[in-house]
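# Architecture at a glance
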Amino acid sequence: MAYETTAACGYELTTSGTFKEVHLPIASPRPDDIVAAVHLVGICGSDLGVYLGRHPYKRAPAVLGHEMCGHVVAVGSGVSRVRVGDHITTSAFCPCGSCSQCSGGMVNLCAGRTNLSHEDWPGCFATHVVLREPMITVLPHDMPHEQGTLVEPLSIAWHALQRPDTRPQHVAVIGAGGIGAATVLLAHRAGATKVTAIDRGVAKERLARKLGASCFLDAGDLDDRAKYTDVNADLTVVTSGHPSCLTEALELTRPRGQVVVVSYSGSDVSIPLDGFVGNEITLLTSHLAVGSEVEEIVTMLSNGLDASRLITHRFPIHDVEAAFDLLTSPEGVSAGRVVLENRLKEDLR
Ligand SMILES: [Zn+2]
Ligand SMILES: [Zn+2]
């Protein structure tokens, strides 16, 4: 198949917080490059973080987006594992492949990794994106695009659930949107027999229960707040960056239980350390995911894991601004995952 695409159309977040259409030149692929057409791309909590100026290192102007599902239109001369026409998704970063973390199988902690939507590398809010082979996961051809966009966030939740060294029976999840919703969905697969979700409002309760939470506590309700110390979770997963989240996690977790923090908080958060020490609660952190976990998620989706319930809104990609307006509105608080759709013209396929 001849490679004819030389410019992609992208949507760049500007420093004034609006999105503008930009033309992104795409040169012939370098040896390990992959050029992919984007079908569907989800808005990640980290994209929202950049939009709100709260991301630790990504800043506007940038073309955001990494939770994509698409197909390969061109590959560089050194690419061996991925072929033109393959259906793919990607991670948000490319590991260096040579540092001690990469050699030790911890590519998620690679010190030399390069990140999409950072330092002039345009992300997936575009018709096409240039990726690199180590980032790519090839998907089964019959996997629906919606599921393809969920592989990356599900793998991040799955990684968080793998961090404890024991299988928790009762998992509490603080925050039931984004990674939190994915964690609620996957907790049973990680061995939990009971899942308690903590967030605000009836829409989040409905979503959390639909995803498998057996109990929901409303963080905005004083009566529910008083019940935190009765939860006694074996594991509490913190997916909210709220300053009080570690105090809440301490209340929710049983003595000798474990707490895993997945979320960035955007600032220094104080830890009620005496409470953690006095109850021998282990504090763990979790960052991104590794390839084997991504493959496990693809297998779960292929074997019937119904994750499409995580998606609550769908916009055409040129309405990206409306999608972010929704996410930052009062209604957006109750949204699950929001995806942007490219209607690809046949001649771009
Ligand atoms: Zn993401
Ligand atoms: Zn590395």
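Along its sequence, the chain is carved into domain 1 (7-154 + 289-348) and domain 2 (164-285). The distance between the C-alpha centroids of domain 1 and domain 2 comes to 27 Å. Together, the buried faces of domain 1 and domain 2 total about 1,400 Å²; carbon and sulfur atoms form 70% of this surface. Contact with domain 2 buries surface across domain 1, with L305, R309 and L310 losing the most and accounting together for 35% of the total. Here domain 1 is connected to domain 2 by zero salt bridges. At the boundary of domain 1 with domain 2, the tally comes to one residue pair in polar contact (both at pLDDT 80 or more). Taken together, the elements giving at least two residues each to the side of domain 1 that touches domain 2 come down to α3 (145-162) and α10 (291-302). Considered class by class, the residues forming the side of domain 1 that touches domain 2 number ten nonpolar, two polar and four charged.

A few words now on the pattern of salt bridges. Between side chains of opposite charge, a pair can form when the charged atoms approach closely. Applying the stated criterion across every chain, the model contains 13 salt bridges. The partner of E280 in a salt bridge is R256, with the nearest N and O atoms 2.6 Å apart. Of the two residues, E280 is situated in the loop between α9 (273-278) and β15 (282-285) and R256 in strand β14 (residues 253-261); the sequence distance between them amounts to 24 residues. The class of E280 is partly exposed, set by a relative accessible area of 46%. Between E341 and R314 there is a salt bridge, and its shortest N-O distance comes to 3.1 Å. A residue pair is termed long-range when its members are at least 10 positions apart, and E341 in strand β17 (residues 337-341) and R314 in strand β16 (residues 311-316) qualify at 27 residues. For R314, a relative accessible area of 41% gives the class partly exposed.

Attention shifts here to the coordination of the zinc ion (ligand 2). Four donors placed tetrahedrally around a metal ideally meet at 109.5 degrees, and six donors placed octahedrally ideally meet at 90 or 180 degrees. Every protein donor of the zinc ion (ligand 2) is accounted for by C96 (SG), C99 (SG), C102 (SG) and C110 (SG), and the metal-donor separations fall at 2.3 to 2.4 Å. Coordination at the zinc ion (ligand 2) is tetrahedral, judged from the four donor atoms that bind it and the angles of 101 to 120° they form at the metal. In primary-sequence terms, the residues that donate to the zinc ion (ligand 2) follow C-x2-C-x2-C-x7-C. Remark: C110 occurs in the loop between α2 (100-103) and β7 (114-115) and C99 occurs in the loop between β6 (93-94) and α2; sequence separation between them is eleven residues. Accessibility classification places C99 together with C110 in one group, the buried group.

Looking now at the side chain of T236. Its place among the elements puts T236 in strand β13 (residues 233-238). By relative accessible area, T236 is classed as buried at 0%. Those residues within four positions of T236 in sequence are excluded, and the remaining contacts are A172, I174, A249, L252, T253, Q258, V259 and V260.

Here we come to the coordination of the zinc ion (ligand 1). The coordination sphere of the zinc ion (ligand 1) contains the protein donors C44 (SG), H66 (NE2), E67 (OE) and E152 (OE), at a distance range of 2.2 to 2.5 Å. The site at the zinc ion (ligand 1) holds four donor atoms, and with the angles between them running 86 to 165°, its shape is irregular. All donor residues of the zinc ion (ligand 1) come from one chain, and their arrangement in sequence is C-x21-H-E-x84-E. Separated by 22 residues along the polypeptide, C44 in the loop between β3 (33-42) and α1 (45-51) and H66 in the loop between α1 and β4 (67-75) bring together distant segments of the chain.

Counting 48 residues, the largest nonpolar core has L154, L161, V171, L186, I297, L301 and L310 as its most contacted members. Looking at this core, the element that brings in the most residues is α3, giving eight residues. Two domains each donate at least three residues to this core, and these are domain 1 (7-154 + 289-348) and domain 2 (164-285). Sequence-distant contacts of I297, that is, excluding residues within four places in its chain, are made with V151, L154, S155, W158 and L186. Y51, F125, V338 and L340 belong to the second-largest nonpolar core, a separate cluster that totals 47 residues.

With that out of the way, let us pick up the sheet that holds strand β12 (residues 215-218). Strands sit in the order β12-β11-β10-β13-β14-β15 across an open sheet of six strands; the sheet is parallel. Edge strands, defined here as strands with exactly one partner in the open sheet, are β12 and β15. Adjacent strand axes in the sheet meet at a mean angle of 20° when their direction is disregarded. Note: β14 against β15, four bridges, orientation parallel.

Structurally, the position occupied by S240 is in the loop between β13 and α8 (245-252). For S240, a relative accessible area of 19% translates into the label buried. A polar side-chain atom of S240 sits 3.1 Å from the main-chain amide nitrogen of H242. If we skip the residues at most four places from it in the chain, S240 touches I174, G175, C245 and S263.

Turning our attention to the packing of α3 against helix α4 (residues 178-187). For the pair α3 and α4, interaxial distance at closest approach is 8 Å and the crossing angle is 60°. The handedness of the crossing between α3 and α4 comes out as right-handed. Every residue of α4 that contacts α3 at P153, L154, I156, A157, W158 and L161 is listed here: I179, A182, T183, L185, L186 and A187. Residue composition of the contact of α3 with α4, grouped by class: eleven nonpolar, one polar and no charged.

Parameters at a glance
- Residues numbered from 1 in each chain as written.
- Chains lettered and ligands numbered in written order.
- Predicted model: local features only at pLDDT ≥ 70, side-chain atom pairs only at ≥ 80, totals over all residues.
- Heavy atoms only, no water.
- Domains from an automatic or database assignment.
- Buried area = accessible area lost by both parts, 1.4 Å probe.
- Salt bridge = Lys/Arg side-chain N within 4 Å of Asp/Glu carboxyl O.
- Polar contact = N/O pair within 3.5 Å; in protein donor to acceptor, adjacent residues only side chain to side chain.
- Helix = DSSP H or I, 4+ residues; strand = E, 2+ residues; numbered from the N terminus.
- Nonpolar A, V, L, I, M, F, W, Y, C, P; charged D, E, K, R; others polar.
- Buried < 20%, exposed > 50% of the residue type's maximum accessible area, 1.4 Å probe, protein only.
- Donors = N, O, S within 2.8 Å, 3.2 Å for Na, K, Ca; no water.
- Tetrahedral: all angles 85-135°; square planar, octahedral: opposite > 155°, others 65-115°.
- Contact = heavy atoms within 4.5 Å.
- Core = buried A, V, L, I, M, F, W, Y, C linked by side-chain atoms within 4.5 Å.
- Pairing = 2+ DSSP bridges.
- Axes fitted to C-alpha atoms, helices over the stretch in contact; angles between N-to-C directions.
- Left-handed = near helix turned anticlockwise from the far one by under 90°.

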